[in-house]
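Summary of structural features
Single-letter residue listing:
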Amino acid sequence: MRKRIWIHIVGMMLSAVLLCACGGDELHYLDTTTAAATAETEVTEQPSAPFLYTPSDDGVVNYNYFALVGRGGLCLQYHDGYLYFLVGKNTTGMPMEGQVPYLVRMNVETGNVTAVCPDPVCVHDRDSGCPMYGVSSGGFIVGPDGKYYVLKIYTELKTGFVMYFAQYDAERNVLVKLNDGLPSYANEFYTERYRFYKDDVYDEETQTYYLTVLRTDLTTGESVPIWKREKAEGARTDEVLFVIGDRLYLTDYACLYSVNFDGEDRRVHIEGKVTINAKTDGEYVYYIDQYELCRRHLENGAEERLGIFPYHNYFELTEKYVYYRTGEDIVLGKARIRGYTSDTVTLGGENLCRYPLDGEGGEETVYTFAGETSTVRPEDWLVVGNYCYCTYTYWEDPDGDGIYRDGDEKKSDSSGENGRVFTFLRIDLTTKAVDVISVDEYGTKTEGKLK
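Residues numbered from 1 in each chain as written. Predicted model: local features only at pLDDT ≥ 70, side-chain atom pairs only at ≥ 80, totals over all residues. Heavy atoms only, no water.

1. Here we look at the overall build of the protein
Helix and strand content of the protein: two helices and 35 strands. Scored against the burial criterion, the 451 residues of the protein give a buried share of 54%. Taking all contacts inside the protein whose residues are at least 6 apart in sequence as the whole, residues at least 24 apart take part in 50%. As displayed, the protein offers around 20800 Å² of accessible surface, 48% of which is attributable to carbon and sulfur atoms. (Helix = DSSP H or I, 4+ residues; strand = E, 2+ residues; numbered from the N terminus. Buried < 20%, exposed > 50% of the residue type's maximum accessible area, 1.4 Å probe, protein only. Contact = heavy atoms within 4.5 Å. Areas by Shrake-Rupley, 256 points an atom, 1.4 Å probe, with all protein chains shown as cover.)

Below you can see the structure in the form of structure tokens.
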């Protein structure tokens, strides 16, 4: 099987470059003196303070299961009451090993952090044989069957570079390799029994590559093709979008259609283009067209253009809302940074907004990055109930001269002295309070600071 995946791997293993904002005609300047002075402000609870949590009746949408998807992989994910992310320590003495993490989770109600590996004495490094060691950044998801699906990338002293995709059953502590490497395409979808994904499959008899949608039985590991087409140079191919009930939904860019899990009983739901960034709440499909958020009812509904232009074309769905970012460009200061594409550091998307899916009440700004978070911008972010969780970048101007140089952009998800430390924000969308949660390379939750 041929793999054309290196660009995805590079995307997951390299730090993301801050994208230049493109909204608004006017540039607004930020008071960099204030920003620099407040960048060191601690904004989390003291270690002795209780972990506060307010429940919500807004549920999480579970139709969009992605693994290794978009944006270089999602390093912060949610499933069934837990946030999942990666930390890791260096116990082998190899310089590379400090960047090879393992998977942990945080209970969103209690704040308790535990390793996904159930062994209480496991140190989660290569020599321990930990099944959760070496999970690639963004290369993990928890399926609706409660099992973990992970892309593992690490080095072995004897065999060298190792990369494979696997299923991990934490209850039985069993790791099963599903395939070497990873699929050539990004979207992955799961039910309690099946995994659906697209890949390039070589037919030995015809000596031809086929673009194929595969169904893997997660109990037996058997994979069968349910759809295929001969691969032609430059041809646009069908894309898997989501799973609802017992049907798999795809787009061929001329319509949105579904098939049963055997690839049969094709039904057209929407005539017209629906892009690969589409998401669903089970009733409507939401997508971006010409930078605007649109939706159509899944039963061939007319297009509704919502007048919303999400920052970086990204949005999140819950049962009640669509969440997105907006805002005018703000010039933070001058840039003297090697490889930077502008002579100024410009930030955008300072407002986190939501719009009710039933249309009642209109747009609401639920948080604005200002004051002590004025130089902070989310990277990976998601909304669960009353809280937005996000990794972030921030800028520092140590000498206060309004000029930003190499190293002045910082990232919350970074490597510490002994390994990978994971820091993220928890924004209370009702009180606007911001907590900084940091989990060190040993999997211990520590006092967080907005550095």
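2. Some words on the packing of aromatic side chains
Applying the stated criterion to the full structure yields 23 aromatic pairs. Taken together, a centroid distance of 5.4 Å and an interplanar angle of 80° make the contact between Y314 and W381 edge-to-face. A residue pair is termed long-range when its members are at least 10 positions apart, and Y314 in the loop between strand 21 (304-305) and strand 22 (315-317) and W381 in strand 28 (residues 377-384) qualify at 67 residues. Assessed through its relative accessible area of 15%, Y314 is described here as buried. One aromatic cluster is present, formed by Y53, F85, Y387, Y389, F422 and F424 through successive ring pairs. Here R195 stacks its cationic end above the ring of Y197, 3.8 Å away from the centre of that ring. (Phe/Tyr/Trp six-rings, centres within 6.5 Å; stacked < 30°, edge-to-face > 60°. Lys NZ or Arg CZ within 6 Å of the ring centre and 35° of its normal.)

3. What about the side chain of E239?
Along the chain, E239 turns up in strand 14 (residues 239-244). Given the relative accessible area of 15%, E239 is considered buried. There is a polar contact of 3.3 Å between the side chain of E239 and the side chain of K198. (Polar contact = N/O pair within 3.5 Å; in protein donor to acceptor, adjacent residues only side chain to side chain.)

4. Side note on the sheet that holds strand 15 (residues 247-251)
Pairing within the open sheet is antiparallel, and its four strands lie in the order 14-15-16-17. Looking at which strands have only one partner, the edges of the open sheet turn out to be strand 14 and strand 17 (267-271). Within this sheet the neighbouring strands show an average axis-to-axis angle of 25°, counted without direction. (Pairing = 2+ DSSP bridges. Axes fitted to C-alpha atoms, helices over the stretch in contact; angles between N-to-C directions.)

5. Things to note about the pattern of salt bridges
Close approach of charged atoms lets side chains of opposite charge pair. Applying the stated criterion across every chain yields a total of 23 salt bridges. A salt bridge links R193 to D217, with the nearest nitrogen and oxygen atoms 3.0 Å apart. A residue pair is termed long-range when its members are at least 10 positions apart, and R193 in the loop between strand 10 (188-190) and strand 11 (194-203) and D217 in strand 12 (residues 208-217) qualify at 24 residues. (Salt bridge = Lys/Arg side-chain N within 4 Å of Asp/Glu carboxyl O.)

6. Topic: the confidence of the model for the protein
With 81% of its residues at a pLDDT of 70 or more, the protein shows a mean pLDDT of 82. Low pLDDT (under 50) marks residues 1-47, which in the prediction has 95 contacts with non-local residues, meaning those over four places away or in another chain. Per-residue pLDDT stays below 50 along residues 91-98; that stretch engages in 18 contacts with residues further than four places along the chain or on separate chains. (pLDDT = per-residue confidence, 0-100.)

7. Topic: the environment of E441
Looking at where E441 falls in the secondary structure, it is placed in the loop between strand 34 (434-439) and strand 35 (445-446). C-alpha of E441 to C-alpha of V87: the two residues are 354 residues apart in sequence and 5.3 Å apart in space.

8. Regarding the pairing of strand 28
Burial of strand 28 is extensive: seven of the eight residues sit out of reach of the surface. Sheet topology places strand 28 next to strand 29 (residues 387-395); six bridges connect them, and they run antiparallel. For L382, the partnering residue across the bridge sits in strand 29 and is Y389. Between strand 28 and strand 29, which pair antiparallel and follow one another directly, the connecting turn spans two residues, one of which, G385, has a positive phi of 65°.

9. Some points on the sheet that holds strand 26 (residues 351-356)
The strand order across the open sheet formed by four strands is 22-23-26-27, and the pairing between neighbours is antiparallel. Each edge of the open sheet is held by one strand with a lone partner, namely strand 22 and strand 27 (364-368). For this sheet, the mean angle separating the axes of adjacent strands, direction not counted, is 25°. Where strand 23 (residues 321-326) lies against strand 26, six bridges are found, and the strand directions are antiparallel. Paired with Y324 across the bridge in strand 26 is C353.

10. Brief notes about unusual backbone geometry
Positive phi outside glycine occurs at D80, with the angle close to 50°. Relative to the assigned elements, D80 resides in the loop between strand 2 (77-79) and strand 3 (82-89). For D80, a relative accessible area of 63% corresponds to the exposed category. Non-glycine residue N313 carries a positive phi angle of around 60°. Mapped onto the secondary structure, N313 falls in the loop between strand 21 and strand 22. Judged by its relative accessible area of 30%, N313 falls in the partly exposed class.

11. What to know about the nonpolar core
F242, L248, L256, V274 and V285 are the most contacted members of the largest nonpolar core, which has 27 residues in total. Of all elements in the fold, only strand 11, strand 12, strand 13 (223-230), strand 14, strand 15, strand 16 (255-260) and strand 19 (284-289) reach the threshold of two or more residues within this core. Ranked by residue count, the leading element in this core is strand 14, at five residues. The next biggest cluster of nonpolar side chains, apart from the first, holds 20 residues, and it includes W381, C388, Y392 and L425. (Core = buried A, V, L, I, M, F, W, Y, C linked by side-chain atoms within 4.5 Å.)

12. Here's the deal with the environment of T318
By secondary structure assignment, the location of T318 is in the loop between strand 22 and strand 23. The residues touching T318, leaving out its near neighbours within four places in the chain, are D58, G59, V61, Y323, L357 and V383.

13. Focus on the pairing of strand 12
Along strand 12, nine of the ten residues are buried, which leaves the element largely enclosed by surrounding structure. Where strand 11 meets strand 12, ten bridges bridge the pair, whose relative direction is antiparallel. Note that in strand 12 the partner of Y202 across the bridge is Y209. Linkage of strand 11 to strand 12, two consecutive antiparallel strands, is achieved through a turn of four residues, within which Q207 is found at a positive phi near 55°. Pairing of strand 12 with strand 13 involves seven bridges; the strand directions are antiparallel. Across the sheet, Y210 pairs through a bridge with E230, a residue of strand 13.

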